[in-house]
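# Notes for the structure review
For reference, the chains in residue letters:
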Amino acid sequence: MNYRTTKEIRQFADAALGMHSDDLDGGDESRSGVRSLLSGPTPQLQKFESDAEQAKFVMSEIKRRIEREGLQPCDFAIFGRTYKTLQPIERSLKEHGVS
């Protein structure tokens, strides 16, 4: 049972990564039969030609959801492989008053 990940995110990850994962103890763990308690929107996979294009997209999506859905900036989390990959997004959000 997964208590933190939505069904849609789990299914998206399973399709991308497969049904087996490292159990972090030197073994293999099957993900078949895993269920999620939460449900949410289906993840979107986007491709961008530049960091600036990606930052603009993230900023406008967050801004759109704040304006249309009444969310707050603290309702969002943005993850990246390194801090450096997140810097253009952070700058774009600050430049547009989303922080």
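Below is a summary of the structure that appears in this document. (Residues numbered from 1 in each chain as written. Predicted model: local features only at pLDDT ≥ 70, side-chain atom pairs only at ≥ 80, totals over all residues. Heavy atoms only, no water.)

Quick look at the packing of helix H2 (residues 51-69) against helix H3 (residues 83-95) now. Running from amino to carboxyl end, H2 crosses H3 at an angle of 45°, the nearest separation of the two axes being 8 Å. For the element pair H2 / H3, the angle class is oblique. The two elements H2 and H3 cross, and the hand of that crossing is right-handed. Along the contact surface, H2 presents Asp51, Gln54, Ala55, Lys56, Val58, Met59 and Ile62, while H3 presents Pro88, Ile89, Ser92 and Leu93. For the contact of H2 with H3, a count of residues per class yields 7 nonpolar, 2 polar and 2 charged. (Axes fitted to C-alpha atoms, helices over the stretch in contact; angles between N-to-C directions. Helix = DSSP H or I, 4+ residues; strand = E, 2+ residues; numbered from the N terminus. Parallel < 35°, antiparallel > 145°, perpendicular 65-115°, else oblique. Left-handed = near helix turned anticlockwise from the far one by under 90°. Contact = heavy atoms within 4.5 Å. Nonpolar A, V, L, I, M, F, W, Y, C, P; charged D, E, K, R; others polar.)

Here we take up the pattern of salt bridges. By the definition in use, this model includes 5 salt bridges. Among the ionic pairs, Glu61 bridges to Arg64, the shortest N-O distance being 2.9 Å. Of this pair, Glu61 and Arg64 both sit in helix H2, 3 residues apart, which is roughly one turn of that helix. Overall, Glu61 belongs to the partly exposed group, its relative accessible area being 26%. Overall, the relative accessible area of 29% leaves Arg64 in the partly exposed class. The partner of Glu69 in a salt bridge is Arg65, and the shortest N-O contact between them spans 3.0 Å. Here Glu69 pairs with Arg65, and both are found in helix H2, just 4 residues apart, close to one helical turn. (Salt bridge = Lys/Arg side-chain N within 4 Å of Asp/Glu carboxyl O. Buried < 20%, exposed > 50% of the residue type's maximum accessible area, 1.4 Å probe, protein only.)

Function-wise, these values are silent; they only describe arrangement.
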